[in-house]
Amino acid sequence: MPGHNHVGSLRLIHVGKQTSEPRNVKASQLEREENGFASVPKSVGHVTPRVLYVYQGDWPRNATRVRKQTQALAANGFSVRLLAGNPNHKPRHEHTEWMEIERVPALARGRLGRALGFPLFVNPFWLWQIMRAARRFRANCLIVRDLPLAPAVLLVGKTLGIPVHYEMADVYPVAMRANRAEYPGLASRLARNAHVAERLDRAVIRGATSVFVVSDESRARCLELGAASDAVAVIGNTPARLTDLSHMPSFPADLAGWEDRTIVLFLGNLLADRGLTQAVEAMSLTRVAAPTLALAIVGDGPEEPKLAAQIDSLGLRDRVRLLGWKGHEDHEAYYRHAAIGLLPFLSTEHINITLPNKLFDYMGAALPVVATDVRPLRRILLETGAGVLVPPGNAAALADALVALAGDPERRRALGAAGRAAVERDYSWDKDRARLLRQVRRSIENAG
């Protein structure tokens, strides 16, 4: 594949070489016991292709794309193992229905442990864990989620001679610039230096076997940075499973008292560029014109304390609730009992090249979408007729749009139906899954 062996100016750290020689039965048994896993599965007549997916996060939190991609691979003949971070001292080994999970060792709490475990580019701790996991799993393909661990995974892939796919859920250098104020302190700012990240991002984009991006805008950026056209695939944030509109789950307990309210739902990370302070302000402005409106915010993040203080200062506890993070399996109840899906994002460099999962999740749940007029959201909503656009950062305009939709159930139904039809017809996970499988299969075949 184009550029597979290029790692820019990164130096190769030699950690040993891969061998295809058979190991004796006793050694294999000991290794399996140490791993906590069963033996690597084999298909009849050939070795099952094995994908090691490297995710710095705390599985399963904030891992919607990881879940969808690993499930797709496992359902199509791949053996999948996830190597994940372990900030909360979870069990090292775990099984899901479709893959094995190996978490890195939990380090001592405190500054030293955080420094040793921070997934910063070529952290020796992570480099060793990735190499060890890849060799023990006998992986013949690596996928790495986001930039911090991508250089280390590229080094491992080059050492072992196997393809590496860069899953760019977030465009890290751009996101760093947009949200840098949320990480105060000299050490944090050095670790999140956008200039260093930009150079590494360019090297990884050029060096990876392929890059998975979420939008056409992000793909265009990769091509500008020197990636080969056939090496950048849009794997969209489309839902793997559509909300079942024939089934109404129980009303969520943390929405109690809002059974007769018109619920506006935001589901996602609470970051500064999400525009949630403007959303809370808009709810204050709708008190008189739409007294039954209520905003449910599902998710967590650095903005949560600020939002809680704002809600209290505006006296909005009866109209806005912060519900915290919810597992993926719990989301459907919130979709089904909401009336409007909200994406009040600010217009930042990062927001203008990404597309959130929740846009397509709202559409798949037949929720009308109220979103700010930023480039990718505008493109999808104008094309599908699934929602309403408002100027970013304008609380008054957002309030007007919410009041208008709250008083017009017929329009809400029409917008929701258009969104559902668009997801079923054009923004289907079946298409994104096919692109994912094609890239991974081709890379393994080309690697020989």
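Here the structure is a predicted model, which means the values were calculated and not measured. (Residues numbered from 1 in each chain as written. Predicted model: local features only at pLDDT ≥ 70, side-chain atom pairs only at ≥ 80, totals over all residues. Heavy atoms only, no water.)

1. Concerning the overall build of the chain
Right, on to step 1. Summing up its helical and strand segments, the chain has 17 helices and 14 strands in all.
Right, on to step 2. Across the 448 residues in the chain, those meeting the buried criterion constitute 55%.
Right, on to step 3. Long-range contacts, defined as pairs at least 24 residues apart, comprise 72% of the intrachain contacts of the chain with a sequence gap of at least 6.
Right, on to step 4. Total accessible area on the chain stands at roughly 19,200 Å², and carbon and sulfur atoms take up 53% of it. (Helix = DSSP H or I, 4+ residues; strand = E, 2+ residues; numbered from the N terminus. Buried < 20%, exposed > 50% of the residue type's maximum accessible area, 1.4 Å probe, protein only. Contact = heavy atoms within 4.5 Å. Areas by Shrake-Rupley, 256 points an atom, 1.4 Å probe, with all protein chains shown as cover.)

2. Let's talk about the pattern of salt bridges
Right, on to step 1. A full pass over the atoms with the stated rule returns 23 salt bridges.
Right, on to step 2. Put simply, Arg317 and Asp312 hold a salt bridge, and the shortest N to O gap is 2.6 Å.
Right, on to step 3. Judged by relative accessible area, which is 61%, Arg317 ranks as exposed.
Right, on to step 4. A salt bridge links Glu410 to Arg413; its shortest N-O distance comes to 2.2 Å. Here the residue Glu410 and the residue Arg413 both occupy positions in helix α16 (residues 409-425), the gap between them amounting to 3 residues, near one helical turn.
Right, on to step 5. The structure contains a network of salt bridges with shared partners spanning Arg81, Arg92, Glu100, Glu102 and Arg136. (Salt bridge = Lys/Arg side-chain N within 4 Å of Asp/Glu carboxyl O.)

3. A few points about the pairing of strand β14 (residues 387-390)
Right, on to step 1. Summarising the sheet, strand β13 (residues 369-372) and β14 pair through 4 bridges and their orientation is parallel. By the bridge assignment, Val369 is partnered in β14 with Gly387. (Pairing = 2+ DSSP bridges.)

4. Re the sheet that holds strand β11 (residues 320-324)
Right, on to step 1. If you walk across this open sheet you meet the 6 strands as β11-β10-β9-β12-β13-β14, and the pairing is parallel. Edge positions in the sheet fall to β11 and β14, since each has one partner strand and no second. Direction aside, neighbouring strands of the sheet carry axes that sit 25° apart on average.
Right, on to step 2. Along the sheet, helix α14 (residues 375-384) makes contact with β12 (340-343), β13 and β14, crossing β14 at roughly 145°. (Axes fitted to C-alpha atoms, helices over the stretch in contact; angles between N-to-C directions.)

5. Details of the confidence of the model for the chain
Right, on to step 1. On average, the chain scores 87 in pLDDT, and the residues at 70 or more come to 83%.
Right, on to step 2. Scored below 50 in pLDDT, residues 38-45 shows 11 contacts in the model against residues more than four places distant or in partner chains. (pLDDT = per-residue confidence, 0-100.)

6. Here's the deal with the sheet that holds strand β6 (residues 164-167)
Right, on to step 1. Reading across from one edge, β3-β4-β2-β1-β5-β6-β7-β8 is the order of the 8 strands in this open sheet, with mixed pairing throughout. For this open sheet the edge positions go to β3 (93-95) and β8 (232-234), each flanked by a neighbour on one side alone. Direction aside, the axes of adjacent strands within the sheet are offset by 20° on average.
Right, on to step 2. Sitting on the sheet, helix α2 (residues 64-75) is in contact with β1 (50-55), β2 (79-84), β5 (141-145), β6 and β7 (210-213), with an inclination near 175° to β1.

7. Regarding the side chain of Gln439
Right, on to step 1. Topologically, Gln439 is positioned in helix α17 (residues 429-447).
Right, on to step 2. Residue Gln439 is classed as buried on the basis of its relative accessible area of 8%.
Right, on to step 3. Ignoring anything within four residues of it in the chain, the contact list for Gln439 reads His165, Ser210, Phe212, Asp230, Ala231 and Ala233.

8. Considering the packing of helix α10 (residues 276-285) against helix α15 (residues 395-406)
Right, on to step 1. It is the contact of α10 with α15, at a shortest axis distance of 8 Å, that shows an interaxial angle of 60°. With respect to α15, the element α10 is oriented oblique. Considering the relative orientation of α10 and α15, their crossing is right-handed. Across the interface between the two elements, Gln278, Ala279, Glu281, Ala282, Met283 and Leu285 of α10 pack against Ala395, Ala396, Leu398, Ala399 and Leu402 of α15. (Parallel < 35°, antiparallel > 145°, perpendicular 65-115°, else oblique. Left-handed = near helix turned anticlockwise from the far one by under 90°.)

9. Overview of the packing of aromatic side chains
Right, on to step 1. Enumeration over the complete set of coordinates arrives at 3 aromatic pairs.
Right, on to step 2. Look at Tyr335 and Tyr362: their rings are 6.2 Å apart centre to centre, the planes differ by 80°, and that puts the pair in the edge-to-face class. On the criterion of sequence distance, the pair formed by Tyr335 in helix α12 (residues 331-337) and Tyr362 in helix α13 (residues 357-364) is long-range, its members being 27 residues apart.
Right, on to step 3. A relative accessible area of 6% places Tyr335 in the buried class.
Right, on to step 4. With relative accessibility at 0%, the residue Tyr362 sits in the buried group.
Right, on to step 5. Here the guanidinium or amino end of Arg321 rests over the ring plane of Trp258, the centre of that ring lying 4.3 Å away. (Phe/Tyr/Trp six-rings, centres within 6.5 Å; stacked < 30°, edge-to-face > 60°. Lys NZ or Arg CZ within 6 Å of the ring centre and 35° of its normal.)

10. Thoughts on α14
Right, on to step 1. Residues of α14 that are buried include every one of Pro376, Leu377, Ile380, Leu381 and Thr384, and no others. Around the axis of α14, the buried residues are gathered within 115° of arc, so they sit on the same side.
Right, on to step 2. One or two steps after α14, the chain reaches Gly385, where phi turns positive at roughly 65°. (Arc of directions from axis to C-beta.)

11. Some points on α13
Right, on to step 1. In terms of residue burial, α13 counts as a mostly covered element, since 8 of its 8 residues are buried.
Right, on to step 2. Along α13, the positions that sit buried rather than exposed are Asn357, Lys358, Leu359, Phe360, Asp361, Tyr362, Met363 and Gly364.
Right, on to step 3. Positive backbone phi, at 60°, marks Ala366, one or two positions downstream of α13.

12. Some words on the nonpolar core
Right, on to step 1. Counting 62 residues, the largest nonpolar core has Leu359, Tyr362 and Met363 as the members making the most contacts within it.
Right, on to step 2. Among the elements that make up this core, the one with the highest residue count is α15 (7 residues).
Right, on to step 3. The contacts of Leu359, once residues within four sequence positions are left out, are Leu343, Val369, Leu377, Ile380 and Leu381.
Right, on to step 4. Membership of the second largest hydrophobic core comes to 46 residues, among which are Ala139, Ala150, Ile162 and Tyr172. (Core = buried A, V, L, I, M, F, W, Y, C linked by side-chain atoms within 4.5 Å.)

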